[in-house]
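Each chain, written out:
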Amino acid sequence: MAVKREENPAGSSNNLRGDVLRVLGALKVATVEQIQQISAPHLSYRHTDKPTPSKRKQARTASHTGALSDLRKHGLAENGGQLPGGDRLRNLTPMGLKAAARELGRPAGEMGDPARGAGRTGASHPMTVNEAVLALLRPKPDLAQLANEPAGVRAAAQAAFDAPAGLGTITSYATEVALPATGTWSNPGMGGAQADIVITAPEDGVPLLFWRSTTASSPRRSSLRGSTSTCGLASAR
């Protein structure tokens, strides 16, 4: 156990580090809260007794913050700047993208480049894309993890659990994907397009979906409305 703690000073588990690799491998850049919302949505209903929103967020994201710290120690993740509100952005290094490819079951050549420096310009577009992914995924809380929470918290989690299901899992998603008119997928030529999101979720009736997001003042709502006219769907017939 002492050796394991020395290798991962923050004490994160393999599962938590895997959460981070899968989410950042798919999204390229994200906040720790977005990582938590996708990979452990039940935590959004925990720590309601903390006195302030910032304390509640800190408690909800502590486990994944520790996993990010351990991944940074191993050279797999790094800080990518800050959002205007102060949230820190995280992204993977080239070595981290290779590790994420294994977690996602994808060829390393399809992972793209590290999303370094996204925070320098406010990262409004990546955050809009991430909010669209969250809205499409609709992660469901694990109700068994909330059995000891107050009745009102359990009711809110139950409502989220009972809501219509989303599309796929985080492994179904890729972002900032080149759609080459010439060249190859891993080395696109001139004149191609780019999809902000590509979804492959045949188990939900969506064999292939290309999504183009629009940046607006209310990402969770307007990104979906503004993108429906510019997405392409290929069905398996």
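Just so it is clear, the structure is predicted and the values come from calculations on it, not from any experiment.

### Considering the overall build of the chain
What the chain contains, in helices and strands, is 8 helices and 7 strands. Within the chain, counting contacts between residues at least 6 apart in sequence, those at least 24 apart form 59% of the total. When the accessible surface of the chain is split by element, carbon and sulfur atoms take 53% of a total near 12,400 Å².

### Comments concerning the packing of helix 2 (residues 14–27) against helix 4 (residues 53–73)
Relative to each other, helix 2 and helix 4 sit at 80°, their axes nearing to 8 Å. If you check the angle between helix 2 and helix 4, you find them roughly perpendicular. Contacts between helix 2 and helix 4 involve Leu16, Arg17, Asp19, Val20, Leu21 and Leu24 from the former and Ser63, His64, Ala67, Leu68, Asp70 and Leu71 from the latter. Of the residues in the contact of helix 2 with helix 4, the class split is 7 nonpolar, 2 polar and 3 charged.

### Regarding the environment of Gly166
Along the chain, the position of Gly166 falls in the loop between helix 7 (151–162) and strand 4 (173–179). Under the relative-accessibility criterion, Gly166 is labelled buried at 16%. For the pair formed by Gly166 and Asp204, sequence separation is 38 residues and the distance between their alpha carbons is 8.6 Å.

### A word on the side chain of Ser172
You can see Ser172 is positioned in the loop between helix 7 and strand 4. Apart from residues lying up to four places away in sequence, Ser172 is in contact with Arg106, Val198, Ile199, Thr200, Ala201 and Glu203.

### Remarks on the side chain of Gln34
Residue placement: Gln34 occurs in helix 3 (residues 32–39). The exposure class of Gln34 is buried, given its relative accessible area of 5%. Within the structure, the side chain of Gln34 is placed 3.1 Å from the backbone nitrogen of Thr31, a separation counted as a polar contact. Filtering out sequence-adjacent residues up to four positions away, Gln34 remains in contact with Met127, Asn130, Glu131 and Leu134.

### Quick word on the packing of helix 2 against helix 5 (residues 94–104)
For the pair helix 2 and helix 5, interaxial distance at closest approach is 8 Å and the crossing angle is 100°. Comparing the axis directions of helix 2 and helix 5 gives the class roughly perpendicular. The segment helix 2 lies against helix 5, with Gly18, Leu21, Arg22, Gly25 and Ala26 engaging Gly96, Ala99, Ala100, Glu103 and Leu104. A breakdown of the residues in the contact of helix 2 with helix 5 according to their chemical character gives 5 nonpolar, 3 polar and 2 charged.

### What about helix 6 (residues 124–137)?
The terminal C-alpha atoms of helix 6 lie 20 Å apart, and with 14 residues this matches the ideal 20 Å at 1.5 Å per residue to within 8%. When you tally the buried positions in helix 6, you get 11 out of 14 residues, the bulk of the element. Inspection of helix 6 places Met127, Thr128, Val129, Asn130, Glu131, Ala132, Val133, Leu134, Ala135, Leu136 and Leu137 among the buried residues, and these make up the whole buried set. Once helix 6 ends, the next one or two residues include Arg138, with phi positive near 50°.

### Digging into the sheet that holds strand 3 (residues 88–92)
Hydrogen bonds along the backbone pair up the strands of a sheet, which may run parallel or antiparallel. The strand order across the open sheet built from 3 strands is 1-3-2, with neighbouring strands paired in antiparallel fashion. Two strands in the sheet have a free side with no partner beyond their single neighbour: strand 1 (29–31) and strand 2 (77–82). In this sheet, neighbouring strand axes are inclined to one another by 35° on average, regardless of whether the strands run parallel or antiparallel. Strand direction decides the pairing type here: strand 2 and strand 3, joined by 4 bridges, are antiparallel. Its bridge partner lying in strand 3, Asn79 is registered against Arg90. Sitting on the sheet, helix 2 touches strand 1 and strand 3, and the angle it makes with strand 3 is about 90°. Most of the contacts of helix 6 go to strand 1, to which it runs at about 75°, and overall it touches strand 1 and strand 3.

### Quick word on unusual backbone geometry
If you check the backbone angles, His47 has positive phi at about 60° while not being a glycine. Looking at the element boundaries, His47 is found in the loop between helix 3 and helix 4. For His47, a relative accessible area of 26% corresponds to the partly exposed category. Despite not being glycine, Glu176 shows a phi value in the positive range, around 55°.

What counts and how
Residues numbered from 1 in each chain as written. Predicted model: local features only at pLDDT ≥ 70, side-chain atom pairs only at ≥ 80, totals over all residues. Heavy atoms only, no water. Helix = DSSP H or I, 4+ residues; strand = E, 2+ residues; numbered from the N terminus. Contact = heavy atoms within 4.5 Å. Areas by Shrake-Rupley, 256 points an atom, 1.4 Å probe, with all protein chains shown as cover. Axes fitted to C-alpha atoms, helices over the stretch in contact; angles between N-to-C directions. Parallel < 35°, antiparallel > 145°, perpendicular 65-115°, else oblique. Nonpolar A, V, L, I, M, F, W, Y, C, P; charged D, E, K, R; others polar. Buried < 20%, exposed > 50% of the residue type's maximum accessible area, 1.4 Å probe, protein only. Polar contact = N/O pair within 3.5 Å; in protein donor to acceptor, adjacent residues only side chain to side chain. Expected span 1.5 Å × (residues − 1). Pairing = 2+ DSSP bridges.

Shape is all these values report; function is a separate question.
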